[in-house]
Amino acid sequence: MSVVLIGSVRGAPGVTTTSLLLAGRLPGSVLAEADLAGGVLAVRYQLGREPGLTTLAGAGPIEPDGWRDHTQSAGGVTVLVGPDAPESSESMWHNAGGRLSAILTGIDAPVVVDAGRLSDRNPLVGSAALVVVVVRPIAEHLVALAHRLSALRRTARTGPVAVVFVGDGPYRPADVAGPLEVEVLATLPDDPRAAELLRRGGRASSLRRSGLARAAVPLATSIAARLDGLHTSAGVSA
């Protein structure tokens, strides 16, 4: 199980941008778009709505690598696009959430999940190896985080909950890590040019020299080490 779920508890702090950067830095990874409010990758990168999670949900029994038949490329990142309409996304996860969760958690590669605003109705929250909450280091985001942490920890049964800061604010990682008993994995800078390039469907490779992409490297390295540790522990237990 190598599912890393990325989401927010308030506003739009850059969940999709963070997910794309992380998936672009984790070798062999796939980005699954599981935002119940609807995905944006198909529109942003001028992709078809199919293949994607919709076709994967409706497929018959698949081989271990059969999920690859349902992927597309978004700026050089392998993606499983989700429905862009909220009603379609909600319906898909309601009707096929168990099947999709089983497939995604069974993939023998890192799976980065863009969950958008975190919801208890998203079954992947309960099956992720790691849940990462993206917040801005400002009061309204951190208050929302504090209110949601207990519920997230109960829902995220299989892995810990951690935090990534995006942008500047009056609070530092130490202000949050101790009082909320949560690890702050990284602080990503505000980089409007790089973020806009991603929003317009730019290639991940063209971001390599940006401050945002450079800051994502240690984050990806840390998460990769965590996933390796989980696999090692599972192998020892077996």
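What you are looking at is a predicted structure, and each value in this text was computed from that prediction instead of being measured.

Visitor: How should I be thinking about the overall build of the protein in this particular structure?
Guide: Looking only at helices and strands, the protein has eight helices and eight strands in total. Taking 238 residues into account, the globule formula puts the C-alpha radius of gyration at 18 Å, and the protein, at 17 Å, falls close to it. Counting only C-alpha atoms and orienting by the principal axes, one finds that the protein spans roughly 50 × 45 × 35 Å. Counting only contacts in the protein whose residues sit at least 6 apart along the sequence, the fraction spanning at least 24 positions is 73%. Total accessible area on the protein is roughly 10700 Å²; 52% of this is exposed by carbon and sulfur atoms. If the 22 positive side-chain charges of the protein are averaged to one point and the 21 negative ones to another, these points end up 5 Å apart.

Visitor: Hey, could you run me through the confidence of the model for the protein in this one?
Guide: Caution applies to low-pLDDT parts of the model: their predicted coordinates are not meant to be read in detail. Mean pLDDT for the protein: 90, with 93% of residues reaching 70 or above. Ranking the elements of the protein by mean pLDDT puts helix α7 (residues 192-199) last with 77 and strand β2 (residues 30-33) first with 98.

Visitor: Where do I start with the environment of Ser101 in this structure?
Guide: Inspection of the secondary structure assignment puts Ser101 in helix α4 (residues 86-105). Given the relative accessible area of 8%, Ser101 is considered buried. The sequence separation of Ser101 and Ser127 amounts to 26 residues, and the corresponding C-alpha distance is 7.3 Å. Excluding anything up to four places from it in sequence, Ser101 contacts Trp93, Pro123, Leu124 and Ser127.

Visitor: Hey, could you run me through the pattern of salt bridges in this one?
Guide: Any two side chains of opposite charge can pair, on the condition that their charged atoms come close. All chains considered together, the criterion is met by five salt bridges. For the salt bridge of Asp84 with Arg49, the shortest nitrogen-to-oxygen distance reads 2.7 Å. Here Asp84, found in the loop between β4 (77-80) and α4, pairs with Arg49, found in the loop between α2 (41-44) and α3 (53-58); they are 35 residues apart in sequence, far enough to count as distant. On the basis of relative accessible area, Arg49 is assigned to the partly exposed category, the value being 44%. Arg121 is the salt-bridge partner of Glu90, the closest N and O atoms lying 2.6 Å from each other.

Visitor: For this particular structure, what's the right way to read the sheet that holds strand β8 (residues 183-188)?
Guide: Pairing between the strands of a sheet comes from backbone hydrogen bonds, and it takes one of two forms, parallel or antiparallel. With respect to topology, eight strands assemble into an open sheet ordered β3-β4-β2-β5-β1-β6-β7-β8, the strand pairing being mixed. Edge positions in the sheet fall to β3 (72-74) and β8, since each has one partner strand and no second. Each adjacent strand pair in this sheet contributes to an overall mean axis angle of 30°, direction not counted. Sheet topology places β2 next to β4; two bridges connect them, and they run parallel. Residue pairing in the sheet places Leu31 in a bridge with Val79 of β4.

Visitor: Please explain α7 as it appears in this structure.
Guide: Along α7, the residues that are buried comprise Ala194, Ala195 and Leu198. Down the axis of α7, the smallest arc covering the buried residues is 95°, so these residues share one side. When the buried face of α7 is taken as reference, the exposed residues oriented beyond 90 degrees from it are Pro192 and Arg193.

Visitor: What exactly am I supposed to notice about the pairing of strand β6 (residues 130-135) here?
Guide: Note on strand geometry: in a regular strand, side chains alternate between the two faces of the sheet. With six of its six residues buried, β6 lies for the most part within the structure. Burial of the side chains of β6 extends over both faces: Leu130, Val132 and Val134 are buried on one face and Val131, Val133 and Val135 on the other. Inspection of the sheet shows strand β1 (residues 3-8) paired to β6 by four bridges, in the parallel sense. Bridging across to β6, Leu5 finds its partner in Val131. Bridge count for β6 against strand β7 (residues 161-166) is five bridges, and the pairing is parallel. Considered in β7, the bridge of Val135 is made with Phe165.

Visitor: I'm lost on the nonpolar core in this one. Help?
Guide: General note: in soluble globular proteins, nonpolar side chains tend to be found buried as a group. Core analysis: the biggest nonpolar cluster contains 42 residues, and Leu5, Trp93, Val113 and Leu145 have the highest contact counts within it. In terms of residue count, α4 provides more of this core than any other element does, six residues in total. Contacts of Trp93, omitting those with residues within four sequence positions, involve Ala34, Leu36, Leu53, Leu100, Ser101, Leu104, Pro123 and Leu124. Core analysis: the next-biggest nonpolar cluster, separate from the first, contains 39 residues, Val77, Val112, Ala162 and Val166 among them.

Criteria and cut-off values
Residues numbered from 1 in each chain as written. Predicted model: local features only at pLDDT ≥ 70, side-chain atom pairs only at ≥ 80, totals over all residues. Heavy atoms only, no water. Helix = DSSP H or I, 4+ residues; strand = E, 2+ residues; numbered from the N terminus. Rg over C-alpha atoms; globule rule 2.2 N^0.38 Å. Contact = heavy atoms within 4.5 Å. Areas by Shrake-Rupley, 256 points an atom, 1.4 Å probe, with all protein chains shown as cover. Lys, Arg positive; Asp, Glu negative; His and termini not counted. Charge placed at Lys NZ, Arg CZ, Asp CG, Glu CD. pLDDT = per-residue confidence, 0-100. Buried < 20%, exposed > 50% of the residue type's maximum accessible area, 1.4 Å probe, protein only. Salt bridge = Lys/Arg side-chain N within 4 Å of Asp/Glu carboxyl O. Pairing = 2+ DSSP bridges. Axes fitted to C-alpha atoms, helices over the stretch in contact; angles between N-to-C directions. Arc of directions from axis to C-beta. Core = buried A, V, L, I, M, F, W, Y, C linked by side-chain atoms within 4.5 Å.

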